[in-house]
Amino acid sequence: MRPLIYSLVFFLFLPFLTKAEEAGPYASKLPSIPAKDVGIYIEDLRTGDVVLDVNGEKLFTPASVTKLVTTSTALNTASPSARFTTDVVAQGELSGGTLNGNLVIKACGDPTIESKHFPKNKGFADKIAEAVKAAGIQRIIGTVVARYRQEYEQPTPAGWMDEDLIHPYGTEFHAANYGDNLVSVSMPSGRTNPETPGLVVNRTGRNRRQRGSKSVELTSSMQIANPIPESTMCQAVRNALERAGVSVGVSPVSDKGSSTVVYSHKSPTMIEIITSLMYRSDNLMAEGILRATAPGKTREQAARQELAFWDSKGIDVSGIEIEDGSGLSRNNKISPYFLAEVLDWMRIHKNPNNQYVNIFPVAGRSGTMRGFLKGTALEGKVVAKTGSMRNVQCYAGFKIDDNGQPTHLIVLLLNNFSDRASLKRALEKLLLEKLS
């Protein structure tokens, strides 16, 4: 891997890198993109031959291709069948059907609670209410509260743009996550659905939320990233208890005394979460998976531990910078070589029954790859994680054979282009030329 063939490679890829007027037959199809902002590594795994290597050692902004590293790390540090477990505890003395204390949700960073993407796991609040009634509790003097390790409550990674924080794709990871951390706000009333006490809504001439704030500015009704999902979760449980006939107070009280687990909520399995987030490129889920690789650690510690893991496998992590699990941070810097080596290591060590290959969207058919290479000879033959943000377009994955076995490594990292649609067409043409 990684031979020094730059002069040959540059010649081969020259039509894709030069300005339109210099690009020969590609002049009408390609955007202008500086050669220094193109990173490509393609290897034939059957022969070990490098098909194309352009700036393989250079660092690029990877966007959501970062999720490939996050999920690959998780598949090495946790069992594919592992689940997040959220215990709900009756904390305080129970006497005659009255809990002199609080109902405590022991939040653990599960990003899937009441997610629309896992409908079989919905009903969190109602199941808690059923369990509380089954435990003989008819009245709670205190209220419903969430408690958790403070290390998990680091919502906004460095490098996330403030402009992203109001939008659904900018949902932050919290210790207590609920309903994909999304809330719909009706204007001008400011009513929230689901009900989210404490969210302050102001009508202004722009849509935004400042970092760390519990207030938002909106121009009209819209669905937004919920900055306080803990509030939404606790209110949903209070409402479910009231519907079930259990009286609940409005404020927490001292709850020293006995502690009884009344309900344990299990998330989908790790492999189910990973496959879902990879297909949809879900930022919240990816942040949760990063934190699951280092339980009880901060995000910074989890990122350092992630790089240490790959270093321990003999993969060069020099210069690699990972700020988050999702790739929304523009501080992330990753090279084509690094991604290729992670992919190759996973192919060799973590692909029983194509389990690893199957977490990737399929070209022309599924997830974020549904429109790429569709109707071409490579439809269904390439699986890859995509990554895109302003001036960033990336792909990393494999070409596969009829049995789903990888035949080629593919890493495409492109920054600072002018025309995304033209660039994607150029990349399709490149792959068809090199892999067909």
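Residues numbered from 1 in each chain as written. Predicted model: local features only at pLDDT ≥ 70, side-chain atom pairs only at ≥ 80, totals over all residues. Heavy atoms only, no water.

Engineer: I would appreciate a short explanation of helix α8 (residues 336-349) in the present structure.
Structural biologist: Note: α-helices contain 3.6 residues per turn, so residues at a spacing of three or four share the same orientation. Taking 1.5 Å as the rise per residue, α8 with 14 residues should run 20 Å; its terminal C-alpha atoms sit 20 Å apart, in good agreement. Burial within α8 is extensive, with eleven of its 14 residues counted as buried. Those residues of α8 lying buried are Pro 336, Tyr 337, Phe 338, Leu 339, Ala 340, Glu 341, Val 342, Leu 343, Asp 344, Trp 345 and Met 346. (Helix = DSSP H or I, 4+ residues; strand = E, 2+ residues; numbered from the N terminus. Expected span 1.5 Å × (residues − 1). Buried < 20%, exposed > 50% of the residue type's maximum accessible area, 1.4 Å probe, protein only.)

Engineer: What should I look at first to understand the packing of aromatic side chains in this one?
Structural biologist: Aromatic ring pairs are reported here in terms of the distance separating the ring centres and the angle at which the planes meet. The full count for this structure, using the stated rule, is nine aromatic pairs. The interplanar angle of 85° and the centroid separation of 6.2 Å between the aromatic rings of Phe 309 and Trp 345 together place this pair among those described as edge-to-face. Of this pair, Phe 309 sits in helix α7 (residues 299-312) while Trp 345 is found in helix α8, placing the two residues 36 residues apart along the sequence. In this structure Trp 345 comes out as buried when scored by relative accessible area, which is 14%. Relative to Tyr 395, the ring of Phe 372 has its centre 4.3 Å away and its plane inclined at 20°; by these criteria the two rings are stacked. Of the two residues, Phe 372 sits in the loop between α8 and β14 (382-389) while Tyr 395 sits in strand β15 (residues 392-400), which places them 23 residues apart along the sequence. Classification of Phe 372 as buried rests on a relative accessible area of 4%. (Phe/Tyr/Trp six-rings, centres within 6.5 Å; stacked < 30°, edge-to-face > 60°.)

Engineer: What am I meant to see in the confidence of the model for the protein chain here?
Structural biologist: For residues with low pLDDT, the predicted coordinates do not support detailed interpretation. For the protein chain, mean pLDDT is 92; residues scoring 70 or higher make up 93% of the total. In the predicted structure, residues 2-30 sits below a pLDDT of 50 and forms 48 contacts with residues beyond four places in sequence or in another chain. (pLDDT = per-residue confidence, 0-100. Contact = heavy atoms within 4.5 Å.)

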